[in-house]
Amino acid sequence: MPKIQILPEEVARKIAAGEVIERPASVVKELIENALDAQASKIEVQIERGGLSLIQVRDDGCGLGPEDLEVCYLPHATSKIRSVSDLMSIKTLGFRGEALASIAAVSRLTIISRPKESLWGAKLEVVFGKLKGLWEAGAPKGTLVRVEDLFVNVPARRAFLKSVRVETARVVEMVKLLALGASQVNFSLLVDGRKHFVYQAAQGRRGLLAILSQLPEKELLEECFDSGLYQIELVISPPAFKFSGTRHIYFLVNGRVVRDRLLMSAFLQGASVAFPKGQYPAAVLALNLPPELVDVNVHPAKWEVRFREEKEVFTLVRRAVEHSLRPKVSIFSRTEEQEEDLPLASSPSLSESSPSFEEAPDLRDTSSAFLGKVSETQAIYRPPSRPIGVLAQKYLLYETPQGLLILDFHAAHERLLYEKIKAAYEAEGLPKQHLLFPQVMTLSAKALERLENHKVILERLGYRFEPAGPQEIRLLSVPSILGEEGPPALLEILEKALASPPGEILKEVFASMACRAAIKAGQEPTLKEAEELLKEIEGQGLFTCPHGRPIFWKIDYHEIEKRLGRKT
Ligand code: ADP
Ligand code: MG
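What comes next is a walk through the structure.

About the cut-offs
- Residues numbered from 1 in each chain as written.
- Chains lettered and ligands numbered in written order.
- Predicted model: local features only at pLDDT ≥ 70, side-chain atom pairs only at ≥ 80, totals over all residues.
- Heavy atoms only, no water.
- Core = buried A, V, L, I, M, F, W, Y, C linked by side-chain atoms within 4.5 Å.
- Buried < 20%, exposed > 50% of the residue type's maximum accessible area, 1.4 Å probe, protein only.
- Helix = DSSP H or I, 4+ residues; strand = E, 2+ residues; numbered from the N terminus.
- Domains from an automatic or database assignment.
- Contact = heavy atoms within 4.5 Å.
- Pairing = 2+ DSSP bridges.
- Axes fitted to C-alpha atoms, helices over the stretch in contact; angles between N-to-C directions.
- Parallel < 35°, antiparallel > 145°, perpendicular 65-115°, else oblique.
- Left-handed = near helix turned anticlockwise from the far one by under 90°.
- Nonpolar A, V, L, I, M, F, W, Y, C, P; charged D, E, K, R; others polar.
- Near = heavy atom within 4 Å.
- Polar contact = N/O pair within 3.5 Å; in protein donor to acceptor, adjacent residues only side chain to side chain.
- Areas by Shrake-Rupley, 256 points an atom, 1.4 Å probe, with all protein chains shown as cover.
- Salt bridge = Lys/Arg side-chain N within 4 Å of Asp/Glu carboxyl O.
- 1 Å grid on protein atoms, 1.4 Å probe; cavity = no way out; pocket = protein on both sides within 12 Å on 5 of 7 lines; lining within 4 Å.
- Points joined across faces, edges and corners; volume = space filled by probe spheres on them.
- Phe/Tyr/Trp six-rings, centres within 6.5 Å; stacked < 30°, edge-to-face > 60°.
- Lys NZ or Arg CZ within 6 Å of the ring centre and 35° of its normal.

1. With respect to the nonpolar core
I43 and F187 are the most contacted members of the largest nonpolar core, which totals 68 residues. Looking at this core element by element, the count peaks at eight residues for helix 6 (residues 164-181). Three or more residues apiece are contributed to this core by two domains, here domain 1 (9-199) and domain 2 (203-333). Apart from the residues lying within four places of it in its own chain, the contact partners of I43 are I32, A35, L36, V57, R58, D59, V185, N186, F187 and S188. Judged by nonpolar contacts, the second largest core, of 57 residues, contains I232, A266, V294 and V305.

2. Describing the pairing of strand 11 (residues 221-226)
Both faces of the sheet carry side chains from a regular strand, because those side chains alternate between them. Where burial is concerned, the two faces of strand 11 differ: the one with L221, E223 and F225 is buried and the one with E222, C224 and D226 is not. Where strand 11 and strand 12 (residues 231-236) come together, six bridges link them in antiparallel fashion. Residue pairing across strands places E222 opposite V235, the latter belonging to strand 12. The hairpin turn running from strand 11 into strand 12, its antiparallel successor, is four residues long, and G228 in that turn takes a positive phi close to 95 degrees.

3. Here's the deal with the packing of helix 10 (residues 409-426) against helix 15 (residues 527-539)
In the contact formed by helix 10 and helix 15, the axes pass within 10 Å of each other and the chain directions differ by 55 degrees. Comparing their axes, helix 15 and helix 10 come out oblique. With respect to the hand of their crossing, helix 10 and helix 15 are arranged in left-handed fashion. Here F409, A412, H413 and L416 of helix 10 lie close against helix 15, whose contacting residues are L533, E536 and I537. Of the residues assigned to the contact of helix 10 with helix 15, the class counts are five nonpolar, one polar and one charged.

4. Quick notes on the sheet that holds strand 20 (residues 403-408)
Read from one edge to the other, the open sheet built from four strands follows the order 18-19-20-24, with strand pairing classed as antiparallel. Both outer strands of the open sheet, strand 18 (386-391) and strand 24 (552-556), are each paired with one neighbouring strand and no more. In this sheet, adjacent strand axes meet at a mean angle of 20 degrees when their direction is disregarded. As defined by bridge partners, strand 18 adjoins strand 19 (residues 395-400) across five bridges and the pair is classed as antiparallel. Across the sheet, the residue bridging to V390 is L396, located in strand 19. Across the sheet, helix 10 lies against strand 19 and strand 20, angled at about 65 degrees from strand 20, the strand it touches most. Sitting on the sheet, helix 15 is in contact with strand 18, strand 19 and strand 20, with an inclination near 70 degrees to strand 19.

5. Some points on the environment of P238
Examined against the element boundaries, P238 turns out to sit in the loop between strand 12 and strand 13 (249-253). P238 sits 19 residues away from E219 along the chain, and the two C-alpha atoms are 7.3 Å apart. Dropping the residues within four chain positions of it, P238 is found in contact with E219, L221 and F275.

6. Things to note about the site of ligand 1
Surrounding ligand 1, one finds 21 residues, the nearest of these being N34, T78, S79, K80 and G97. Separating an oxygen atom of ligand 1 from a side-chain N or O atom of T78 is a distance of 2.5 Å. Alone, ligand 1 offers 530 Å² of accessible surface; in the complex the protein occludes 97% of this. Residues that form the shell around ligand 1 fall into these classes: 10 nonpolar, seven polar and four charged.

7. Quick word on helix 7 (residues 204-213)
Counting buried positions over the 10 residues of helix 7 gives eight, a clear majority of the element. When helix 7 is considered as a whole, its buried residues turn out to be G204, R205, G207, L208, L209, A210, L212 and S213. Residues of helix 7 that are buried in the fold lie against helix 6, strand 10 (194-199), strand 12, strand 13 and strand 15 (283-288). Within two residues after helix 7, Q214 carries a phi angle of roughly 60 degrees, on the positive side.

8. Looking at the packing of helix 8 (residues 261-271) against helix 9 (residues 310-325)
Two quantities define a packed helix pair, namely the angle between the axes and the distance from one axis to the other. Direction vectors running N to C along helix 8 and helix 9 enclose 35 degrees, while the axes themselves pass 7 Å from each other. Relative to helix 9, helix 8 is oriented so that their crossing is right-handed. In this structure, helix 8 contributes L262, L263, S265, A266, F267, Q269, G270 and A271 to the contact, and helix 9 contributes E310, V313, F314, V317, R318, V321, E322 and L325. A breakdown of the residues in the contact of helix 8 with helix 9 according to their chemical character gives 10 nonpolar, three polar and three charged.

9. Structural notes on the pattern of salt bridges
Considering all chains together, one arrives at 23 salt bridges under this definition. In this structure, the salt-bridge partner of E559 is R563, at a minimum N-O distance of 2.8 Å. Of this pair, E559 and R563 both sit in helix 16 (residues 557-563), separated by four residues, roughly a single helical turn. Using a relative accessible area of 68% as the deciding quantity, one classes R563 as exposed.

10. With respect to the layout of surface pockets
The probe, sized like a water molecule, is rolled over the atoms to show the empty space still left. Taken as a whole, the largest pocket encloses approximately 730 Å³ of empty space. Together, 31 residues line the largest pocket, and E173, M174, L177, R259 and W303 are the ones closest to its centre. Going through the elements one at a time, helix 2 (24-37), helix 6, helix 7, strand 13 and strand 14 (256-258) are the ones with two or more residues in the lining of the largest pocket. Per-element tally for the lining of the largest pocket: the top contributor is helix 6, with seven residues. Its residues assigned to classes, the lining of the largest pocket comprises 17 nonpolar, four polar and 10 charged. A domain-level breakdown of the lining of the largest pocket finds at least three residues from each of domain 1 (9-199) and domain 2 (203-333).

11. A word on the packing of aromatic side chains
Within the structure shown, the criterion is met by three aromatic pairs. Aromatic ring contacts, followed pair by pair, group Y418, Y425 and F510 into a single cluster. When the ring centre of W303 is taken as reference, the NZ or CZ atom of R259 above it lies at 3.8 Å.

12. Structural notes on the sheet that holds strand 23 (residues 472-479)
Here we have three strands laid out as an open sheet, ordered 21-23-22, and antiparallel in their pairing. Of all the strands in the sheet, just strand 21 (432-442) and strand 22 (464-467) have a single pairing partner and so form its edges. Strand after strand, the sheet turns through a mean of 20 degrees between neighbouring axes, direction not considered. The pairing of strand 22 with strand 23 spans four bridges and is antiparallel. Across the sheet, F465 pairs through a bridge with L475, a residue of strand 23.

Listed below in structure tokens is the structure:
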């Protein structure tokens, strides 16, 4: 049973300050979080008129005794933390001791509660911040919190609200979101007396994502990864099910629903192996880690978190997403499930074998996209597919069991070269081609400065050079993959190093090298090469060019027959 205390001044001052009760949905969030912290297994939410007339949350959790009820609505009253050091490892959703106080100040608040070991419950009433009374009351085990006439005493805040319809929609969304974070709990939501949403714990997170995204549940992929300290549970839609925005990508950190830029950018980088730019999956990614490794005391409404090991988290998330989309998705059809362990635990770090971040500060790559590579499964290649021709010298055509496949040769080639460059860079660096006649290049002051800053990385890419004048360098070697494209590519690489955001620099550099290398290769492929190319693309589960354009387009027989009037 909780034992509420008022936080001492020095702890209260350390808590991310700010108003958390902005609208009915924020009240619903705080009350549901309290019910979850009370270990409820069933939470019933009820609202009327968008939550403006009534918000009620009933739970079957541990309950509050009269001595706790008496103080629970006071500022900084909490049973969840005691000292500043508790802030370093928060295991509950709440910890600020501010929600009930903020709600009580702007509504008529009633709490009826009975701890499971008591025979009697108690009822507390607070009207716009003033205690009205505390009485003994019969009640089922658990807690019922009723919030009426929200913001009636602060008309300015009420005026800030949107229509009843919009506020209702926000509450509905909030309940679903919180259910995602606590999929082991049963939820129900009553809107103006009507059942609006019922979630049974047995449906699981996958079932819930299907409800939220309105995608067929059986199509959603589910994967778990465990590195010891970090666990990732991921439910994600395959590329056939996509959205034009990120609205159905949800993140949970230790059961807390968060909006986090780092997680989103790691996720999107991972998803780019299968989703072209502008297309996004539906997904829920739940990350669990020791509470000491994440700071949740960053945002008053607790939407944001800060990871102590940001790079580690970024890499794990990116690789988990990439892995879940890559090996099991075939261009043609799904074959039997293939199991593979993602070597999360011992991701070989580049730090021993490649330029350290300190040596080349401007090329700092927060993606760590360049840490160890996930070992790939065998190619899922279906022999009956065969190359049947080349269109406009650019597109390879294949007959497949399902229909016609059109492959963009340049994009596919570029993507394969990109993977090759990335892998070589990660291993020992790219093979060099020494120039028989070293080339002298004149560079701008800015380019020279960049060249110096990134010397270690450039050498790893295959470039060796020496000073040859105040603004000149003598190029001694270029990456062999580029040949005569090497010198102009160097200028392009230096441009990329300036124009790209820090986390994207290496990716952009690899992409521009891949593009140059593909241009160098030039000529139209033979049918034999077309067959090899498809095998490689398919085997590595690649779907987009380095810049996110799709590599292929599939037209199935059904579509062909429909268009030609053979079928309706
Ligand atoms: P916090 O959750 O940050 O501690 P709140 O103002 O939300 O602060 O709640 C104050 C305290 O009231 C909590 O610490 C908890 O002890 C108690 N409490 C609130 N809601 C419930 C509930 N539904 N069941 C049991 N205890 C609750
Ligand atoms: Mg709380």
